[in-house]
Amino acid sequence: MGAGGNMPLPTPRNKGEHDALKRVPYSKPQFTLGEIKKAIPPHCFQRSVLRSFSYVVYDLTIVSLLYYIATTYFQHLPTPISFVAWPIYWAVQGCVLTGIWVIAHECGHHAFSDHQWLDDTVGLILHSFLLVPYFSWKYSHRRHHSNTGSMERDEVFVPKPKSSLAWYSKYLNNPPGRLLTITITLTLGWPLYLAFNVSGRHYERFACHYDPYGPIYSDRERLQICISDVGVLAVSYGLLRLVSAKGLAWVMCMYGVPLLIVNGFLVLITYLQHTHPSLPHYDSSEWDWLRGALATVDRDYGVLNKVFHNITDTHVAHHLISTMPHYHAMEATKAIKPILGDYYQFDGTPIYKAVWRETKHCIYVEADDGLKDKGIFWYNNKL
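Undergrad: Help me out: how do you make sense of the overall build of the chain in this one?
TA: Within the chain, the regular secondary structure consists of 14 helices and five strands. Projected onto its principal axes, the C-alpha coordinates of the chain cover approximately 65 × 50 × 45 Å. Counting only residues that meet the buried cut, the chain has 52% of its 383 residues in that class. Within the chain, residue pairs in contact and separated by at least 24 positions form 69% of the contacts whose partners lie at least 6 positions apart. For the chain, the computed accessible surface area is about 18,200 Å², with 65% contributed by carbon and sulfur atoms. The average position of the 34 basic charges and that of the 30 acidic charges among the side chains of the chain differ by 3 Å.

Here's what the structure looks like:
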């Protein structure tokens, strides 16, 4: 099946969905990274400390206002109304905190300012507040960007060949099983990845983001991994003190539940950026950096695109130039679309439909029968 071929999928409801499900080209592109960069206006590469900090201040102001409203007024609400108010607070606070998470992620890419020390300081503070080991994730995520689409070296949501599926996979290939898979992925996926490298690449021994001597990291990175651990431990200690002073229920309502929503969103966003029926994966015989970076997809989260600082709908550009600030990414995406052509992938399928479809159809990868390109793998679900 050629570059424009289709996987066996349900008949799409409209032409837009049909186009989104067509396989993207997998041959080496005729354009280069240099040509892509030339198409982007030069100011898009400029990082402004003042502008970057304005997003931090804006997000933290909203977080503080939401906290003030919840702690000042919710206790006076009648019970039926409070049952509605708290979920609204959790959802909105979780979304805003996800935006803060994205800014910290940008610090890890050196896209916040021209000063690495400032990026690392801001990123360490913001990510530690969200119980993320900043340097640990920064280095593993950097390797993800260096090896996107590689079956052997990519770091996250690495698909398995059919022969490597767990024995219980066939029992989850049904609606209840898919619902269970989605639920576990969105609630436990992030801590399991950090602690046990679940869904990450294979290492010869146990890999953990909290272990400075683990196989994920090099000798020169180990001290910074320890600093990450100290940051997470410091915030954890502060939370324990809050539990002692305010009670577990108060801490869970104000911080714990919104944090669970943050964790769910970042797993969902990452999963949908790299899991799609149209995207190829490559083994070492075929992989190269540019084709791997193009094996990503932009998604539409509606109003949340802005709340998440457009990490959702400009991810292709982000993989091509990860040091570019988020506030230039929309303009850059528009500029590179004519260069990328069919290599650019956008899917506007509503997110709740997309996560169900991808969980159903993207179970494992395999090469197409009868083709010489045996190092190119596509998603399938025939168990």
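Undergrad: Sorry if this is basic, but what is going on with the nonpolar core here?
TA: Generally speaking, nonpolar side chains in soluble globular proteins are found buried as a group. By size, the foremost hydrophobic cluster in this structure holds 58 residues, and its most contacted members are W101, W190, L272, Y301 and F308. Among the elements of the structure, α3 (49-73), α4 (79-108), α5 (116-129), α6 (134-146), α7 (175-196), α8 (222-246), α9 (248-274) and α14 (351-361) are those that each provide at least two residues to this core. Beyond its immediate chain neighbours, meaning those up to four positions away, L272 contacts V297, R299, Y301, I351, A354, V355 and E358.

Undergrad: Help me understand the pairing of strand β5 (residues 376-380) in this model?
TA: Across a regular strand the side chains alternate sides, sitting on one face of the sheet and then on the other. Of all five residues making up β5, five are buried, and the element is well covered by its neighbours. Burial along β5 is two-sided: the residues I376, W378 and N380 and F377 and Y379 are all buried. In this structure, strand β1 (residues 281-282) lies alongside β5, joined through two bridges in antiparallel fashion. Pairing of Y282 across the sheet is with I376, part of β5. Where strand β4 (residues 364-366) and β5 come together, three bridges link them in antiparallel fashion. Looking at β5, one finds that E366 is bridged to W378.

Undergrad: Please clarify how α9 should be interpreted in this entry.
TA: Taking 1.5 Å per residue as the helical rise, α9 with its 27 residues ought to reach 39 Å, and the 36 Å between its terminal C-alpha atoms agrees with that figure. Of all the bends in α9, the largest measures some 40° and sits at M254, one to four residues before the proline P258.

Undergrad: Before we go on, may I ask you to explain the packing of aromatic side chains in this structure?
TA: Each aromatic ring pair is characterised by the separation of its centres together with the angle its planes make. Tallying each qualifying case throughout the model produces 21 aromatic pairs. With a centroid separation of 6.3 Å and 90° between ring planes, the pair formed by Y67 and W250 is classed as edge-to-face. In this pair, Y67 sits in helix α3 while W250 sits in helix α9, placing the two residues 183 residues apart along the sequence. Relative to W86, the ring of F74 lies with its centre 4.9 Å away and its plane at 85°, an arrangement referred to as edge-to-face.

Undergrad: Help me understand the sheet that holds β5, please; the structure alone is not making it clear to me.
TA: Hydrogen bonds along the backbone pair up the strands of a sheet, which may run parallel or antiparallel. Strand order in this open sheet of three strands is β1-β5-β4, and the pairing throughout is antiparallel. Of all the strands in the sheet, the pair left with one neighbour each is β1 and β4.

Undergrad: Even after reading the chapter, I still don't get the pattern of salt bridges, so can you show me in this structure?
TA: Tallying each qualifying case throughout the model produces eleven salt bridges. Measuring nitrogen to oxygen at the nearest pair gives 3.0 Å for the salt bridge that ties R143 to E221. Within this pair, whereas R143 is found in helix α6, its partner E221 is found in the loop between α7 and α8, the two being separated by 78 residues in sequence. You can call R143 partly exposed: its relative accessible area is 22%. Note on E221: relative accessible area 2%, which makes it buried. The salt bridge involving E358 is made with R357; its shortest N-O contact spans 2.7 Å. By the burial criterion, E358 is buried, and R357 matches it. Residues joined by salt bridges that share partners form a network here, namely R299, D347, R357 and E358.

Undergrad: Even after reading the chapter, I still don't get the side chain of S52, so can you show me in this structure?
TA: Inspection of the secondary structure puts S52 in helix α3. Take S52: its relative accessible area is 2%, and that puts it in the buried class. In terms of polar contacts, S52 uses its side chain to reach the side chain of Y327, at 3.1 Å. In this structure S52 touches F112 and Y327, once residues within four positions along its chain are discounted.

Undergrad: Before we go on, may I ask you to explain the environment of L126 in this structure?
TA: Position of L126 relative to the elements: it lies in helix α5. When its relative accessible area of 10% is taken as the criterion, L126 is described as buried. Each C-alpha atom of the pair L126 and L97 lies 9.7 Å from the other, and the pair is 29 residues apart in sequence. Those residues in contact with L126 that lie beyond four places of it in its chain are V56, I100, I103 and A104.

Rules used in this analysis
- Residues numbered from 1 in each chain as written.
- Predicted model: local features only at pLDDT ≥ 70, side-chain atom pairs only at ≥ 80, totals over all residues.
- Heavy atoms only, no water.
- Helix = DSSP H or I, 4+ residues; strand = E, 2+ residues; numbered from the N terminus.
- Buried < 20%, exposed > 50% of the residue type's maximum accessible area, 1.4 Å probe, protein only.
- Contact = heavy atoms within 4.5 Å.
- Areas by Shrake-Rupley, 256 points an atom, 1.4 Å probe, with all protein chains shown as cover.
- Lys, Arg positive; Asp, Glu negative; His and termini not counted.
- Charge placed at Lys NZ, Arg CZ, Asp CG, Glu CD.
- Core = buried A, V, L, I, M, F, W, Y, C linked by side-chain atoms within 4.5 Å.
- Pairing = 2+ DSSP bridges.
- Expected span 1.5 Å × (residues − 1).
- Bend = angle between axes of the 7 residues up to and from the residue.
- Phe/Tyr/Trp six-rings, centres within 6.5 Å; stacked < 30°, edge-to-face > 60°.
- Salt bridge = Lys/Arg side-chain N within 4 Å of Asp/Glu carboxyl O.
- Polar contact = N/O pair within 3.5 Å; in protein donor to acceptor, adjacent residues only side chain to side chain.

The analysis is restricted to geometry; functional conclusions fall outside its scope.
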